[in-house]
Amino acid sequence: LGCTACQNRPLLTGSIYEDQSLFVRLVVDQTVGGGHSHPASMTTEEMVAVLSGIMVEEPSSLIPSVPLPGKDKEPPRHPAFNVAEVGFLAPLLTKGLESAKPEEIVTFYWITQQPAPIEHVTSGGVFIDGNHLHFLLSNYRSPTRYPPDAETMQSLDGRSTPLQPLVPQDTLLTFNPITALVPPEQGFLKNPFRSKRREIAVLFQTLTGDTGGTVHKSH
């Protein structure tokens, strides 16, 4: 008999990019579901606009007393990705969406900080349904040293489970501008497994010509 955790692990179906710190992969994940609008036609500029609009808000207790390299004087609410990270990740995610099948999603696992001996990871996934781009943020600067899985008593390799939080996640996922955001009450989070995930849906085709707006928060 297979355990539930094993059954829910994603199935790797393709690789878009891999190096020592970043994995961008196509996976089939039953907790996210299928029937997506893939392969998807999306420009790199549109993906840049999406990634640039994603914000995180961290409780003050999570802000380190000694700032990580390049993160000094960072406010509690700030972009999830800096300009260089957006420029590097956007074309890879766009390429993944162009290659993805309806049952696949594009995931990423990025070692964003490497202070020895604990690495910090930002990971998640993207997929498109109609004119909505869904962005899931499963880990945000999460340390890679974490307790073993409660059911299997084995430490999971985060690279193979990019949609699984490595540690409890207290940050809020936000987006700016709100005019491009799909309200949660429209029912785009129908899968009970995803209701506890930090996920937003964005009208990505409106972003390149949209400026200003406010911020919507989602756990």
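Above: the structure in question.
Being a predicted model, the structure only gives us computed values, none of them experimental.

Trainee: When you look at the overall build of the protein chain in this model, what are you seeing that I'm missing?
Mentor: Looking only at helices and strands, the protein chain has three helices and 10 strands in total. Its helices and strands taken in sequence order, the protein chain reads α-β-β-α-β-β-α-β-β-β-β-β-β from the N to the C terminus. Here the analysis covers contacts within the protein chain between residues at least 6 apart in sequence; of these, 69% occur between residues at least 24 apart.

Trainee: Honestly, the pattern of salt bridges in this entry has me stumped. Any pointers?
Mentor: Any two side chains of opposite charge can pair, on the condition that their charged atoms come close. Counted according to the given criterion, the structure contains one salt bridge. Between E18 and R25 there is a salt bridge, and its shortest N-O distance comes to 3.0 Å.

Trainee: Is there a simple way to think about helix 2 (residues 44–53) in this case?
Mentor: Restricting attention to buried positions, one finds in helix 2 the residues E46, M47, V50, L51 and G53. Buried residues in helix 2, looked at end-on, bunch into an arc of 165°, giving them a common side. Buried residues along helix 2 sit in contact with strand 3 (54–57), helix 3 (83–99), strand 7 (132–143) and strand 8 (172–175).

Trainee: I'm lost on helix 3 in this one. Help?
Mentor: If you check helix 3, its first and last C-alpha atoms are 25 Å apart, about what 17 residues at 1.5 Å a residue would give, namely 24 Å. For helix 3, the principal kink sits at L89 and spans about 25°; a proline, P91, occurs within the next four residues. Along helix 3, the residues classified as buried are E85, V86, L89, A90, L92, L93, T94, G96 and L97. Those residues of helix 3 hidden inside the fold are in contact with strand 1 (11–18), strand 2 (22–28), helix 2, strand 5 (105–113), strand 6 (120–129) and strand 7. Two or three places before A84, at the start of helix 3, stands the capping residue N82, its side-chain oxygen 3.1 Å from that residue's backbone nitrogen.

Trainee: Sorry, what's going on with the packing of aromatic side chains here?
Mentor: Two aromatic rings are characterised by how far apart their centres lie and by the angle between their planes. What the rule picks out here adds up to six aromatic pairs. Here F81 and F135 contribute two aromatic rings whose centre-to-centre distance is 6.3 Å and whose plane-to-plane angle is 90°, an arrangement assigned as edge-to-face. Here F81 is found in the loop between strand 4 (77–79) and helix 3, whereas its partner F135 is found in strand 7, with 54 residues between them in sequence. Among the residues examined, F81 registers a relative accessible area of 5% and is labelled buried. Both rings, one in F88 and one in W110, keep their centres 6.2 Å apart while their planes meet at 40°; by these two values the pair is tilted. Note that F88 is positioned in helix 3 and W110 in strand 5, a separation of 22 residues in sequence. An aromatic cluster is present here, built from Y17, F88 and W110 joined pairwise through their rings.

Trainee: I would appreciate a short explanation of the sheet that holds strand 2 in the present structure.
Mentor: What links the strands of a sheet is backbone hydrogen bonding, and the strands pair in either a parallel or an antiparallel sense. Read from one edge of the open sheet, six strands run 1-2-5-6-7-9, paired in antiparallel fashion. The open sheet has two edge strands with one neighbour each: strand 1 and strand 9 (199–202). Here the average twist between neighbouring strands, direction ignored, is 25°. Sheet strands in contact with helix 3 are strand 1, strand 2, strand 5, strand 6 and strand 7, and its direction is about 160° off that of strand 5.

Trainee: Can you walk me through the pairing of strand 6 in this structure?
Mentor: For a regular strand, side chains alternate in direction, first toward one face of the sheet and then toward the other. Across the 10 residues that make up strand 6, a large majority, nine, are buried. Where strand 5 lies against strand 6, seven bridges are found, and the strand directions are antiparallel. Across the sheet, the residue bridging to V106 is V126, located in strand 6. Following strand 6, the chain reverses through two residues before pairing antiparallel with strand 7; G130 in that reversal takes a positive phi of roughly 65°.

Rules used throughout
Residues numbered from 1 in each chain as written. Predicted model: local features only at pLDDT ≥ 70, side-chain atom pairs only at ≥ 80, totals over all residues. Heavy atoms only, no water. Helix = DSSP H or I, 4+ residues; strand = E, 2+ residues; numbered from the N terminus. Contact = heavy atoms within 4.5 Å. Salt bridge = Lys/Arg side-chain N within 4 Å of Asp/Glu carboxyl O. Buried < 20%, exposed > 50% of the residue type's maximum accessible area, 1.4 Å probe, protein only. Arc of directions from axis to C-beta. Expected span 1.5 Å × (residues − 1). Bend = angle between axes of the 7 residues up to and from the residue. Polar contact = N/O pair within 3.5 Å; in protein donor to acceptor, adjacent residues only side chain to side chain. Phe/Tyr/Trp six-rings, centres within 6.5 Å; stacked < 30°, edge-to-face > 60°. Pairing = 2+ DSSP bridges. Axes fitted to C-alpha atoms, helices over the stretch in contact; angles between N-to-C directions.

Read these as spatial facts, not as claims about activity.
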